[in-house]
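A closer look at the structure
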Amino acid sequence: MRVPLTAAMLMIFTAVAAVAQETESSVPEKPKVEEVMVVTASRTERLVHDVPVAISVITAKEIEQMPADDYGDILRTVPGVNVTQISARDIQVTSRSATSSLATSQLVLLDGRSLYLDFFGFVMWDFLPVDVAEIKQIEVVRGPGSAVWGANAMSGVINLITKRPSEMQGTSVVVGGGDRGTMLGSVMHSGVRDRLGYKISASYYKQDAFDRPTGLIPGTSTPYPAFENEGTEQPKLDLRADYDVSPESHLTGSGGYAGTDGLVHSGIGPFNIEGGSSMKYVKGEWSRRAMRVGAFANFLDADSTNLLQFGVNGRPLSFAFKTETYSIDASNTSVIGSRHVVTYGATARHNDFALSIAPAGDQRDEYGFFVQDEMLFGKMRVLAGARWDNIDPIGSVVSPRTALLYSPVPNQTFRVSFSRAFRAPSLVNNYLDTAILNPVTLPTGPYIFASRAVGNPDLTEERMDAIEVGYVGSLPGSVVLSASIYRNKTRGSTDFYPATFYTSSNPPAGWPLPVQFLDAPGLRNALPSSFSYRNVGEMVDKGVEIGLNGRPFPQWSWSANYSYQDDPEVKGIPANEINVPPTYRANLAGGWDSARFFVNASLNYQDAAIWRDVLDARYWGPTDAFTSIGANAGMRLNDNITLSLTGTNLLDEKIQQHVFGDIIGRRLTAKAQFRY
């Protein structure tokens, strides 16, 4: 399949180059940065220049033309955002610190509805029930967001905002396929009748597994565990209705389904999510001007097997995960006098759990409220606010935020800010109760021993204090420059660690050697009898982010960004037990879009990283630096039909983004879109 797809891509590029000087553009211009409105930074609509945090906005046009196969490829283009893809479906995202096999500190929202899974403390991106073509913009807050969003917005917030039915009227059908057995398709119909807007969409995605690494884990004498790798299938359905009560008041109702299967990696090994696993949701919202009242319910039903844990029948152990989340929140913004813009709100949430991996945990309640005052003093603005949360079982947590913003001229803003954020322990952190089977090679041959893995109900929250100095400004030539310097101090990180070890007085079952060997050098404290979680130490992450993007002509656009992340400074934690993020990251992209043809190309560089978050030290190791080149090219045959070809990792570099992860090779995907 690769040869004809590659040839097709070269033909498209040649065609584009031949007509590039002859075709005039009729493509609408991208909104200028000073015109872009965001809601995620302060829970109210503000211009990008006016928010107190570093924020990146990815527009629908950029998403449509980006050389990307998934949300990981899209978010990798944002400075300061670390992305790892570990399997065909397993994508983990963390801002301004090392990510991991389960990224637990990044809050992800879809139109304000949380996708964060409190039972394990992470996000499954394939539980987004909408097709990427329905996304209006992605707002990426880099840095703490607990002051307005509460728990688990510690390293950042990503809010995916969908288009209203009135913004995508008509019918759209997309079909496509490509390398690694990729098949995709979607259908969407949207319309407006008087005050009512409605939308129905369905999509399907399938991909075979990537290659697994073989041999020894880098820097160790441990071979990669043998298990059957899996691809993924992802069916989705989403419904939405909007009703305009008045020009200023709106009602929105939506509901949907997202299914998935494939591998998810964790600190206790890989789980194979079985087909039929899904998340369903319902959501309702009423808004009037700046006031908003909304409620949602998420229903997760998933079955999985741990590929490194086996029962007496020799088969992998099965686990069931069922959760129900019910949430209601309200927010509003009021202008008081001539100097104060006050935003305030409250949230209440209830979770029910039925987890075979953590049977002692069955529910969790949380509620909180926030207030934020933006004070206006001519060219200077001062922002101060805080949020109070009460969450089972950790109790009360306060997250303050303050910022000073100075705009010497319009569309040029300097800022300095302090904020505090936190992550609550997941239910598994508190109540895990399972066993891990560990292979080891002894002089007598291969041997498997069992370790108990248990939670810790006495864990406290992880807490981060962040200081940031930043700038965003519009420069001549339609160029936007952004820059940030930050220092994040995290206390009480949740650490999965070997709590006890086998000894001569407590040997593992079936130990084939004299028990005295367990106390000998090389085996002493080498075979864990139990694992658990603990709060440990202090860690400081520091870094610099610089971004540039421009549109010198309506047809042409470009962007470049650079991120530097210092190695974490740690206290109370062994330095050889933490993940180390890539020191340098850089992105370069350019695009040309005429009335008929479009072509976009990107280059992503990521430095080496070190991973110590899976099982124990026998499985820890580095990943190499890599450079990935992508391209997207296409042709609009008319107003109704668009053909495109997307390629990622075009040089087919053997990219491994986590030491336990798959080898991410080249992917080529062709698509045809029909609009009616």
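No experiment lies behind these values; they were computed from the predicted model shown.

Our focus in this paragraph is the overall build of the protein chain. Helix and strand counts for the protein chain stand at five helices and 38 strands. Computed over the C-alpha atoms, the radius of gyration of the protein chain is 25 Å, within 12% of the 26 Å expected from 2.2 N^0.38 for a compact globule of 676 residues. Expressed as lengths along the three principal axes of its C-alpha atoms, the size of the protein chain is roughly 80 × 65 × 45 Å. For the protein chain, buried positions account for 57% of its 676 residues.

With that settled, the discussion passes to the confidence of the model for the protein chain. Per-residue pLDDT for the protein chain has a mean of 90; in total, 94% of the residues score no lower than 70. In this model, residues 1–28 is a region of pLDDT below 50 whose contacts with residues beyond four sequence positions or in other chains number 48 contacts.

Overall, the coordinates contain 42 salt bridges when judged by the stated rule. In this structure, E167 and K136 form a salt bridge, with 3.1 Å as the shortest nitrogen-oxygen distance. With E167 in the loop between β11 (156–162) and β12 (170–178) and K136 in strand β10 (residues 135–142), the pair connects residues that are 31 residues apart, well separated along the chain. Overall, K136 belongs to the partly exposed group, its relative accessible area being 38%. Between K489 and E538 there is a salt bridge, with the nearest N and O atoms lying 3.9 Å from each other.

Scanning the entire structure with this criterion turns up 20 aromatic pairs. Arranged with centres 4.8 Å apart and planes meeting at 45°, the rings of F414 and Y471 form a pair that is tilted. One end of the pair, F414, is in strand β24 (residues 412–423); the other, Y471, is in strand β27 (residues 462–475), with 57 residues separating them in the sequence. For F414, a relative accessible area of 41% gives the class partly exposed.

Residue placement: V536 occurs in strand β29 (residues 528–553). A residue is classified by how much of its surface remains accessible, and V536, at 9% relative accessible area, is buried. Each C-alpha atom, one on V536 and one on I394, is 16 Å from the other, the two residues being 142 residues apart in sequence. Apart from the residues lying within four places of it in its own chain, the contact partners of V536 are G492, S493, D495, G572 and I573.

Before going further, it helps to spend a moment on the pairing of strand β19 (residues 316–336). Judged from the 16 bridges that link them, strand β18 (residues 291–310) and β19 form a sheet pairing that is antiparallel. In the sheet register, L300 faces β19, and the bridge partner there is T323. The sheet contact formed by β19 and strand β20 (residues 340–355) spans 16 bridges and is antiparallel. In the strand pairing of β20, D329 is matched with T347. The antiparallel hairpin formed by β19 and β20 contains three residues in its connecting segment, where G337 sits at a positive phi of about 65°.

It is worth spelling out the pairing of strand β13 (residues 182–193) at this point. The pairing of β12 with β13 spans nine bridges and is classified as antiparallel. Paired with V175 across the two strands is G185, which belongs to β13. In this structure, the hairpin formed by β12 and β13 is closed by a connection of three residues, where R180 is found at a positive phi of approximately 55°. The hairpin turn running from β13 into strand β14 (residues 196–207), its antiparallel successor, is two residues long, and D194 in that turn takes a positive phi close to 60°.

Now for the side chain of N152. Relative to the helices and strands, N152 resides in the loop between α4 (146–149) and β11. Setting aside residues up to four positions removed in sequence, N152 forms contacts with S105, Q106, L107, Y116, D118, F422, R423 and A424.

Moving on to the sheet that holds strand β6 (residues 106–110). Ordered by their spatial adjacency, five strands build an open sheet running β3-β10-β11-β6-β7, and the pairing between neighbours is mixed. The open sheet has two free edges, formed respectively by β3 (54–59) and β7 (113–114), since each of these has just one partner strand. The pairing of β6 with β7 spans two bridges and is antiparallel. Each bridged residue has a counterpart across the sheet, and for L110 the counterpart in β7 is R113.

The next point concerns the nonpolar core. The tendency in soluble globular proteins is for nonpolar side chains to be buried side by side. Grouped together as the largest cluster of nonpolar side chains are 43 residues, with contacts concentrated most on F119, F122, F321, L355, I357, L432 and F496. Of all the secondary-structure elements, those providing two or more residues to this core are β16 (249–264), β17 (271–288), β18, β19, β20, α5 (427–431), β29 and β34 (609–611). Here this core takes four residues from β18, the largest share from any one element. Excluding residues within four positions of it along the chain, L355 makes contact with F119, A320, F321, K322, T323 and L427. Counting 40 residues, the second-largest nonpolar core is a separate cluster that includes V36, I55, V108 and F370.

Before going further, it helps to examine unusual backbone geometry. Along the chain, D392 connects to P393 via a cis peptide bond; the corresponding omega equals -5°. Despite not being glycine, N411 has its phi angle at roughly 65°, a positive value. Considering the arrangement of structural elements, one finds N411 in the loop between β23 (395–409) and β24. Relative accessible area serves as the criterion here: at 29%, N411 is assigned to the partly exposed category.

A few words on the environment of E569. Of note, E569 is situated in strand β31 (residues 569–571). Its relative accessible area of 38% is what places E569 among the partly exposed residues. E569 sits 279 residues away from A290 along the chain, and the two C-alpha atoms are 42 Å apart. Excluding residues that lie within four positions of it along the chain, E569 makes contacts with E538, M539, V540 and K542. Here K542 takes part through its side chain, which lies 2.7 Å from a polar atom of the side chain of E569.

Taken together, the side chains of F377, M380, L404, Y406, F414, V416, V469 and I485 define a hydrophobic patch exposed on the protein surface, amounting to about 680 Å² of accessible area. Of all elements in the fold, only β23 and β24 reach the threshold of two or more residues within the nonpolar patch. Within the secondary structure layout, V416 lies in strand β24. A residue is classified by how much of its surface remains accessible, and V416, at 38% relative accessible area, is partly exposed.

Considering all chains together, one arrives at 10 cavities of 30 Å³ or more under this definition. Of the voids in this model, the largest cavity is the one considered here, and its volume is about 210 Å³. The wall of the largest cavity is formed by 19 residues, among which W149, T347, R349, E366 and R387 lie closest to the centre. Secondary structure elements with two or more residues in the lining of the largest cavity: β6, β20, β21 (363–377) and β22 (380–391). Among the elements that make up the lining of the largest cavity, the one with the highest residue count is β20 (three residues).

So, about the side chain of D652. For D652, the location among the structural elements is in the loop between β37 (641–648) and β38 (667–675). By relative accessible area, D652 is classed as buried at 17%. Among the polar contacts listed, one links the side chain of D652 to the backbone nitrogen of R666, at a separation of 2.9 Å.

Criteria and cut-off values
Residues numbered from 1 in each chain as written. Predicted model: local features only at pLDDT ≥ 70, side-chain atom pairs only at ≥ 80, totals over all residues. Heavy atoms only, no water. Helix = DSSP H or I, 4+ residues; strand = E, 2+ residues; numbered from the N terminus. Rg over C-alpha atoms; globule rule 2.2 N^0.38 Å. Buried < 20%, exposed > 50% of the residue type's maximum accessible area, 1.4 Å probe, protein only. pLDDT = per-residue confidence, 0-100. Contact = heavy atoms within 4.5 Å. Salt bridge = Lys/Arg side-chain N within 4 Å of Asp/Glu carboxyl O. Phe/Tyr/Trp six-rings, centres within 6.5 Å; stacked < 30°, edge-to-face > 60°. Pairing = 2+ DSSP bridges. Core = buried A, V, L, I, M, F, W, Y, C linked by side-chain atoms within 4.5 Å. Polar contact = N/O pair within 3.5 Å; in protein donor to acceptor, adjacent residues only side chain to side chain. Patch = residues over 30% accessible without salt bridge, like charges linked within 9 Å, V, L, I, M, F, W, Y side chains within 5 Å. Areas by Shrake-Rupley, 256 points an atom, 1.4 Å probe, with all protein chains shown as cover. 1 Å grid on protein atoms, 1.4 Å probe; cavity = no way out; pocket = protein on both sides within 12 Å on 5 of 7 lines; lining within 4 Å. Points joined across faces, edges and corners; volume = space filled by probe spheres on them.

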